[in-house]
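Inside the fold
What follows is the residue order along each chain.
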Amino acid sequence: MGVLLSAALVGAVTGFLGVGGGFLTVPALMAFAGLTFEEAIGTSLFVIAISSAAGFLGHLGGSEFHVGLAASFAGAAVVGALLGMRIARGVSLERLRAGFALFVGGVGVSVAAASLLRVVSIH
């Protein structure tokens, strides 16, 4: 039950904020499903692929689609993923976890700062 509840919460947060859920899914899978860091990453990527495909299909008829932009972005993402995998093989699991935690924290601080600046500029 903890896995389904955490998945629903991750989905709600990512849907509400309009962000990808990988940064929340990995810790949730480790905490509630007992997966290792590596297993959680692979599982998270699979879930994201399925969710992305569903979102793509859902918007296919009603949204404008820029094929060239999507293809170049996807190509760059594949190159980045391959480079990231190669770099990760040479880094200890502890450093990967610490780096992931710093990245998530940095994104959180950045989003909070941007939100606060928008609120301040409105008033």
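Residues numbered from 1 in each chain as written. Predicted model: local features only at pLDDT ≥ 70, side-chain atom pairs only at ≥ 80, totals over all residues. Heavy atoms only, no water.

**Looking at helix α2 (residues 22-32)**
What α2 keeps buried is the set Gly-22, Thr-25, Val-26, Ala-28 and Leu-29. One or two positions beyond α2, positive phi appears at Gly-34, with a value near 70 degrees. (Buried < 20%, exposed > 50% of the residue type's maximum accessible area, 1.4 Å probe, protein only. Helix = DSSP H or I, 4+ residues; strand = E, 2+ residues; numbered from the N terminus.)

**Section: the confidence of the model for the chain**
Per-residue confidence for the chain averages 83 on the pLDDT scale, and 95% of its residues sit at or above 70. Of all secondary-structure elements in the chain, the lowest mean pLDDT belongs to helix α1 (residues 2-17), at 77, while helix α4 (residues 67-89) reaches the highest, 90. (pLDDT = per-residue confidence, 0-100.)

**Let's talk about the packing of α2 against helix α3 (residues 37-59)**
For any two helices packed against each other, the geometry comes down to the angle between their axes and how far apart the axes lie. Contact geometry for α2 and α3: axes closest at 9 Å, N-to-C directions at 135 degrees. By the angle between their directions, the pair α2 and α3 is classed as oblique. For α2 against α3, the interelement crossing comes out right-handed. On the side of α2, the interface is formed by Gly-22, Thr-25, Val-26, Leu-29 and Met-30, while α3 contributes Phe-37, Ala-40, Ile-41, Thr-43, Ser-44 and Ile-48. (Axes fitted to C-alpha atoms, helices over the stretch in contact; angles between N-to-C directions. Parallel < 35°, antiparallel > 145°, perpendicular 65-115°, else oblique. Left-handed = near helix turned anticlockwise from the far one by under 90°. Contact = heavy atoms within 4.5 Å.)

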